[in-house]
Protein chains: 2
Amino acid sequence: MMNNVKTYIDTAMLKTEPDLILKGGNVVDVFCGEIKKADVIIKDGIICGVGSYCGKNEVDVTGKYVMPGLVDAHVHIESSMVSPAEFAKAVMPHGITTVIADPHEITNVCGTDGLKYMKDASKNIPLDVNFMLPSCVPATPFEHSGAALTAEDTKNIAEDFYGIAEMMNYPGVVNGNAETLGKLCLDMIDGHAPLLSGNELDAYISAGIKTDHECTSSDELSEKVSKGMYILLREGTLSRDIDKLIKGVNSHTLRRCAFCTDDRFAGEIISDGSIDHCIRKTVSLGLSNTDAIIMATLNACEMYGMKCKGAVAPSYIADIIVSDDLLLNNILQVYKNGVLVCENGKALFSCEPCDTSHVTKTVHIPEITPDFFADETDDTFTAIELVPESIITKKVTVKKDNQMTKVCVIERHKNLGTKGIAYVTNYGITNGAVAATIGHDSHNVIVAGDNDSDMAFAVNTLGEDGGIAVVSEGKVLAFMPLPIAGLISLDSAENVTLQHNELETAAKKLNITDKVDPFLSLFFLPLPVIPEIRITDSGLFDVTDFKFI
Amino acid sequence: MMNNVKTYIDTAMLKTEPDLILKGGNVVDVFCGEIKKADVIIKDGIICGVGSYCGKNEVDVTGKYVMPGLVDAHVHIESSMVSPAEFAKAVMPHGITTVIADPHEITNVCGTDGLKYMKDASKNIPLDVNFMLPSCVPATPFEHSGAALTAEDTKNIAEDFYGIAEMMNYPGVVNGNAETLGKLCLDMIDGHAPLLSGNELDAYISAGIKTDHECTSSDELSEKVSKGMYILLREGTLSRDIDKLIKGVNSHTLRRCAFCTDDRFAGEIISDGSIDHCIRKTVSLGLSNTDAIIMATLNACEMYGMKCKGAVAPSYIADIIVSDDLLLNNILQVYKNGVLVCENGKALFSCEPCDTSHVTKTVHIPEITPDFFADETDDTFTAIELVPESIITKKVTVKKDNQMTKVCVIERHKNLGTKGIAYVTNYGITNGAVAATIGHDSHNVIVAGDNDSDMAFAVNTLGEDGGIAVVSEGKVLAFMPLPIAGLISLDSAENVTLQHNELETAAKKLNITDKVDPFLSLFFLPLPVIPEIRITDSGLFDVTDFKFI
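Owing to the predicted nature of the structure, the values given are computational and were not obtained by experimental measurement.

Asks: Sorry if this is basic, but what is going on with the interface of chain A and chain B here?
Replies: It is common to give the size of an interface as the accessible area lost on bringing the parts into contact. On the chain B side, the residues contacting the 53 residues of chain A number 53 residues. Summed over the three residues of chain A that lose the most area to chain B, namely A:Phe31, A:His252 and A:Arg255, the buried surface amounts to 16% of that side. Our enumeration of links across chain A and chain B arrives at six salt bridges. Note that B:Glu302 is salt-bridged to A:Arg256, the shortest N-O span being 3.2 Å. Among the elements of the structure, helix H1 (2-12), strand E3 (46-51), helix H6 (170-174), helix H8 (198-206), helix H9 (218-226) and helix H13 (289-303) of chain A are those that each provide at least two residues to the side of chain A that touches chain B. Class assignment for the residues of the side of chain A that touches chain B results in 26 nonpolar, 14 polar and 13 charged.

Structure below.
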């Protein structure tokens, strides 16, 4: 270390030739909130000076903007449906150089094998992936997951992680449940506390929980900031909160705010971006360019204690974006640790595939026949109403009609034989079925359709590796295999995007309404902590009453 | 720990009675920069809730302001001339609950014995004293100190300290000197880099140095903030920088700025305050009350990695001020870890005296006779011009006249017999002498007078324990004994203040000009890193040329 310091000092003092001089750019100064014309010198992956320099290894960035790499402060990489390497290839051209990752999707399926896979698969990629240890596996006792992490398990492996991932079990925390509190064994603990307020919020924070990414109003943001929480403004594929929160971001609260995507499809990352999209969105809502960049860089690094990261300044890690514009619409270059890793929207790196044998073939259900879905309903019964552009659902009482879609969640980890059947409105499928091995958070099989034959065929199409299938009249219209845990493709982000598009085209053919996402609306149906009503492999669950119907 | 967390949670949830409810106050919210009417509940020294509460242990603070305890981010407690316990009694009624202390004065005299004394003497006081390990003992090779700490010594004891104290040897750093860099062995390193700029500043920062408290212009502050440094705005007895720096503090740079006093006499702390004075000064220059409080609390804690300190929020340490006003002119109560420690300007605590045997009797010089000061000067020679209200001096060429004051620095640690004699202008003493065992940073004896007899008598008056003496015609006009290292009194802060006043009255009798402080102007004369000319026990030193004259 001390030798390195000597090298950095000598580089700053012009005694040692820098590895790289970014010459003539407009440097975004996240500390002063200003843009300054300056050269940046880099040695051994570290920024050694910001000033006026000449040398051998100059890259002319005259007129371009030079800024720190962006941070996604909370992401489930699995939700992109691609591997960590492919995720890196998708996000890094958009300027993301660091993510705080919560691998709780794969952990719900594969347990510590899933954690091992995610860490192994992130080792040799240029993206910095800081893994938090999932705290809620399973998320609730109301569904069957593939694995469980107890407080004891958590303590045994915690030291290998950056912190404790989102503590979703806020009732457990505020009630002082020993098993729940036992999991909070690292200094950095992410929160997940939608609408929590007043003394319950105080109690939740008293447990040492530092962040929240579930705010959906500026008042909620203000109360949580006021009580010392850091807030991650989320812009995922399904949950888009920035427009609701932006009013709460002012010159004082700014430093306590950063961005995250939480769950975002690879295709959307490629087409619309990631944290760069958050910057554009925030600026479009009135925040200054520099303040938006400060949120995406310095603030995220500060809140997660990532020292010497998130700024273009001496002694900082040389994670740097060179962009045509401050909105990052045209990123020219991305440097990670001083090495050029992306240029003109393309990743320049490739990654060796890593062993997936312990996280594949995770779907354990027998061949299904149509009578599996037989059910008896009264004339009037309780159903799930999908709410357009939202993760929440409404509990409705309906009469049987042809517009309703049957859904079924089938346990798929240990062949327990458990299943839950219900009906949803506002989905609108005709003459077919959709099935998937993605169903938050336990990721059992979910299937929706208007006839039992296609529902059975859709589930059988998933096979032992899993994926997403759209079928009609006994034919597969589209299928995306997701062999890793039934969640992640082995394919490239580009190909996954193509397959995703094919799935969407197939869904349209089946007349699924365009008011809801044909797949995400199903993926979140089993999550029994989101209001108002859910279906799990254990049955129909009333979230408001917190019990099965 | 986990049991405690359960207690805090239960307190927040109203299941456990709080130890204290501060009821009805206007709480300063340092995160949102707002004032909010709320009750604050405290259990086991921790804030568990900010909201609306009733209970047994209420203290009515209706209409009063409730805010976090203040932090002095860089202070040499020795410069107050009182012990850590007496220092605590002086600063805590002013709302200071935490200090970052650099014990480099006593370390220059007593080495690790001095460090041990300061730590022992700070153990059983309510003030949180975070000790940094001095990095520059001695400050320079141009004077003889009582002790030296090498890089090897530093590494051996560093783990017992909060960080590395101000690295004043910036030439050593920017030149990559191995011994200098070897001392930078902890994560938190304080800087001291007056006027350092450009690539030298980059090099200095590249060594991992995080803070600076030597800025004297807003441009200097801006460049240092821009390059990632944290800035401490200083308001000491001698160096008062806030008015020069305030222009550099804006909504972006604010979070990188805090306050410090560096060197401040006990008397001035009692009469004018400490960090509370910095708040008043800053507000008088136009900063908002809340922003000034944010600098003095949250910002200081953030930059020094003091988690859960510096805010009135759940999970934060209950270091709390209750004040009549936001300017802290009338602090009613100070709580440390939830315990009332000061009320209406008075400390409620007392402290056991601690062992001083290893840090007393530190003056080792023989009885001095007047001929000790005999010197031969040419008709024209180089002298030191004192600059009013400044620590710097000017190098001047003068002709011998009666207006000049003779000064002498005498090595006092190891009886080496070294001395330096010179002349100063702008001091103006007649018919007497002033002597002291304080002389930054090696703290040899310094004496100034207009006749050799009184100069000898003044030095002899200091005795083996040291202190500050003002003498005239063979009589002691005033004497403050400083038995601990020749720097610190055994007396109370109040009595030290009285003695200090007597010294000042005596100085006035000797016609010492009121353009300079009669004592501080001498105390800093030997410091060979401050421009332009200095006198040490090794001779007259030209700081510009960095060599002896």
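The rest of the description comes next.
Asks: Help me understand the pattern of salt bridges, please; the structure alone is not making it clear to me.
Replies: Where charged atoms from two side chains of opposite charge approach closely, those side chains can pair. Summed over all chains, the structure comprises 61 salt bridges over all chains. For B:Glu214, the salt bridge identified is with B:Arg234, shortest N-O distance 2.8 Å. Of the two residues, B:Glu214 sits in the loop between strand E11 (211-212) and helix H9 (218-226) while B:Arg234 sits in strand E12 (residues 230-234), which places them 20 residues apart along the sequence. Of the two residues, B:Glu214 and B:Arg234, both sit in the buried class. The network of salt bridges with common partners includes A:Glu214, A:Arg234, A:Asp241, A:Lys244 and A:Asp262.

Asks: Quick question: what am I supposed to make of helix H15 (residues 493-509) of chain A here?
Replies: In an α-helix, one turn spans 3.6 residues; hence positions three or four apart end up facing the same way. Residues and elements named next belong to chain A. Spanning 17 residues, H15 covers 24 Å between terminal C-alpha atoms, matching the ideal 24 Å at 1.5 Å per step. Here H15 has its buried residues at Ala493, Val496, Thr497, Gln499, His500, Leu503, Ala506 and Ala507. Residues of H15 that are buried make contact with helix H2 (84-91), helix H11 (266-272), strand E24 (467-472) and strand E25 (475-481). Within two residues after H15, asparagine 511 carries a phi angle of roughly 65 degrees, on the positive side.

Asks: How should the sheet that holds strand E12 (residues 230-234) of chain A be read in this particular structure?
Replies: The strands that make up a sheet are held in pairs by hydrogen bonds between backbone atoms, and each pair lies either parallel or antiparallel. Residue and element names in this part refer to chain A. One open sheet accounts for three strands, arranged E11-E12-E13; its pairing is parallel. The sheet is open, and its two borders are formed by strand E11 (211-212) and strand E13 (257-260), each paired with just one other strand. Inspection of the sheet shows E11 paired to E12 by two bridges, in the parallel sense. Note on E12: the bridge partner recorded for threonine 211 is tyrosine 230. Sheet strands in contact with H13 are E12 and E13, and its direction is about 100 degrees off that of E13.

Asks: What is the right way to read the packing of aromatic side chains from this model?
Replies: Between two aromatic rings, the relevant description is the distance of the centres plus the angle of the planes. If you walk through the whole model with that rule in mind, you get 16 aromatic pairs over all chains. When the ring of A:Phe372 is compared with that of A:Phe373, the centres are 5.2 Å apart and the planes differ by 80 degrees; the resulting orientation is edge-to-face. A:Phe373 sits in the buried class, given a relative accessible area of 0%. Considering the side-chain rings of B:Phe31 and B:Tyr316, the 5.9 Å spacing of their centres and the 70 degrees angle between planes classify their relative orientation as edge-to-face. Taken together, the positions of B:Phe31 in the loop between strand E1 (20-29) and strand E2 (34-43) and B:Tyr316 in the loop between helix H13 (289-303) and strand E14 (320-323) put the pair 285 residues apart, joining distant regions of the chain. Just as B:Phe31 is buried, B:Tyr316 falls in that class too. A cation sits over an aromatic face here: A:Lys119 above A:Phe161, 4.3 Å from the ring centre. Looking at B:Arg256, its charged tip hangs above the ring of B:Tyr230, at a distance of 4.0 Å from the centre.

So, how was this worked out
- Residues numbered from 1 in each chain as written.
- Chains lettered and ligands numbered in written order.
- Predicted model: local features only at pLDDT ≥ 70, side-chain atom pairs only at ≥ 80, totals over all residues.
- Heavy atoms only, no water.
- Contact = heavy atoms within 4.5 Å.
- Buried area = accessible area lost by both parts, 1.4 Å probe.
- Salt bridge = Lys/Arg side-chain N within 4 Å of Asp/Glu carboxyl O.
- Helix = DSSP H or I, 4+ residues; strand = E, 2+ residues; numbered from the N terminus.
- Nonpolar A, V, L, I, M, F, W, Y, C, P; charged D, E, K, R; others polar.
- Buried < 20%, exposed > 50% of the residue type's maximum accessible area, 1.4 Å probe, protein only.
- Expected span 1.5 Å × (residues − 1).
- Pairing = 2+ DSSP bridges.
- Axes fitted to C-alpha atoms, helices over the stretch in contact; angles between N-to-C directions.
- Phe/Tyr/Trp six-rings, centres within 6.5 Å; stacked < 30°, edge-to-face > 60°.
- Lys NZ or Arg CZ within 6 Å of the ring centre and 35° of its normal.

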